[in-house]
Each structure stands twice: as structure tokens, then as C-alpha cells.
Amino acid sequence: MSLEVVLLEDNNNILLKRREIKSMIKNAVGSIRKDEAANLIAEKLQISRKNLLPISLTSEYGNPDVLAMMYYYNDIEDAKKQLPRYRFLRIMGKDERKKIIDEEKAAKLKAKQAAAAEAKSKKK
């Protein structure tokens, strides 16, 4: 089954410094992931995949097409300022995401233990 990408909208949002790309992927319902859709759209528009962030993939009952919403940033730092952190965690691989979350949990636990030890020493 070949997937065809049809570009519906390509707006340049000057205020937020991003391109908002809305496209339809024909015959892709239930068989495409966000990263695959982003690769298809980046290939079609000939833009860098690493600066293209998938926002949503939606489909309707009985319709084999998928509506994809993507944001393309020239500078990924602008995206990090505007979008919530979970957007970036979702586009990472499972192992990479788990490693980052575990490191943050460990750092939080150390800080909590240090605060408890400091409070205990002040009581004495």
C-alpha cells in the first residue's frame, strides 16, 4: 500500500516563527505513526526532519485518510520555548525517553533526601 501525502495548508506564522503544515495522508488510517508521517511530510516538502514536530494525527470513522498537523521551526530553541516538554519527549525513542525521566527522578530524590537530612541536622 503506497501512502500519498496531500498538502492542505502551509501557513507561515511570523509571530511564533514557525510554519504550520496541515496535510492529508491517503489510506493511512491505523497503519502510520507520528514519526513516519513526519518523515513523509519532510520528504514531500524537502525540509529538515529534525525541525518538524508532529502535533496531531486524526482520522474519522469510515474514512481511510489521516489528517496530520505539523509545526516546522527554523530554530528548535523557539519550539522549546513555546511548546510543552512532553511534545519533545514523545518524539524520542522509548529507551532515550526512559533514561531522561529516570535521571530526573534520581535527581529529585537526591534533592529531597538532602533537604530531609538538612532539616534533621537543624533540629539537633
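Quick note: structure is the one above.
Overview of the structure. Remember, predicted model here, so these are calculated numbers, not experimental data. (Residues numbered from 1 in each chain as written. Predicted model: local features only at pLDDT ≥ 70, side-chain atom pairs only at ≥ 80, totals over all residues. Heavy atoms only, no water.)

Some thoughts on the nonpolar core
Phase 1: Among the nonpolar cores identified, the biggest contains 15 residues, and Ile21, Ile25, Ile32, Ile41, Ile47, Leu52 and Met70 are the most heavily contacted of them.
Phase 2: Elements supplying a minimum of two residues to this core: strand 2 (18–26), helix 1 (34–45) and strand 4 (66–73).
Phase 3: Ignoring any residue separated from it by four or fewer positions in sequence, one finds isoleucine 25 in contact with Leu3, Glu4, Val5, Ile32, Ala37, Leu40, Pro64, Asp65, Val66 and Ala68.
Phase 4: In this structure, Leu53, Met69, Ala79 and Leu83 belong to the second largest nonpolar core, which totals eight residues. (Core = buried A, V, L, I, M, F, W, Y, C linked by side-chain atoms within 4.5 Å. Buried < 20%, exposed > 50% of the residue type's maximum accessible area, 1.4 Å probe, protein only. Helix = DSSP H or I, 4+ residues; strand = E, 2+ residues; numbered from the N terminus. Contact = heavy atoms within 4.5 Å.)

Re the pattern of salt bridges
Any two side chains of opposite charge can pair if their charged atoms end up close together.
Phase 1: Summed over all chains, the structure comprises seven salt bridges.
Phase 2: When the shortest N-O distance is used, the salt bridge between aspartate 10 and arginine 19 registers 2.5 Å.
Phase 3: Exposure remark for arginine 19: the relative accessible area of 23% places this residue in the partly exposed category.
Phase 4: For lysine 98, the salt bridge identified is with aspartate 102, shortest N-O distance 3.4 Å. (Salt bridge = Lys/Arg side-chain N within 4 Å of Asp/Glu carboxyl O.)

Some remarks on the layout of surface pockets
Phase 1: The volume enclosed by the largest pocket comes to roughly 180 Å³.
Phase 2: Breaking the lining of the largest pocket down by element, the ones donating at least two residues are helix 1 and helix 3 (85–90).
Phase 3: A class-by-class count of the residues in the lining of the largest pocket yields three nonpolar, no polar and five charged. (1 Å grid on protein atoms, 1.4 Å probe; cavity = no way out; pocket = protein on both sides within 12 Å on 5 of 7 lines; lining within 4 Å. Points joined across faces, edges and corners; volume = space filled by probe spheres on them. Nonpolar A, V, L, I, M, F, W, Y, C, P; charged D, E, K, R; others polar.)

So, unusual backbone geometry
Phase 1: Positive phi outside glycine occurs at lysine 17, with the angle close to 55 degrees.
Phase 2: Inspection of the secondary structure puts lysine 17 in the loop between strand 1 (4–13) and strand 2.
Phase 3: For asparagine 27, which is not glycine, the phi dihedral falls at a positive 55 degrees.
Phase 4: Mapped onto the secondary structure, asparagine 27 falls in the loop between strand 2 and helix 1.
Phase 5: Judged by relative accessible area, asparagine 27 falls into the partly exposed class, the value being 40%.

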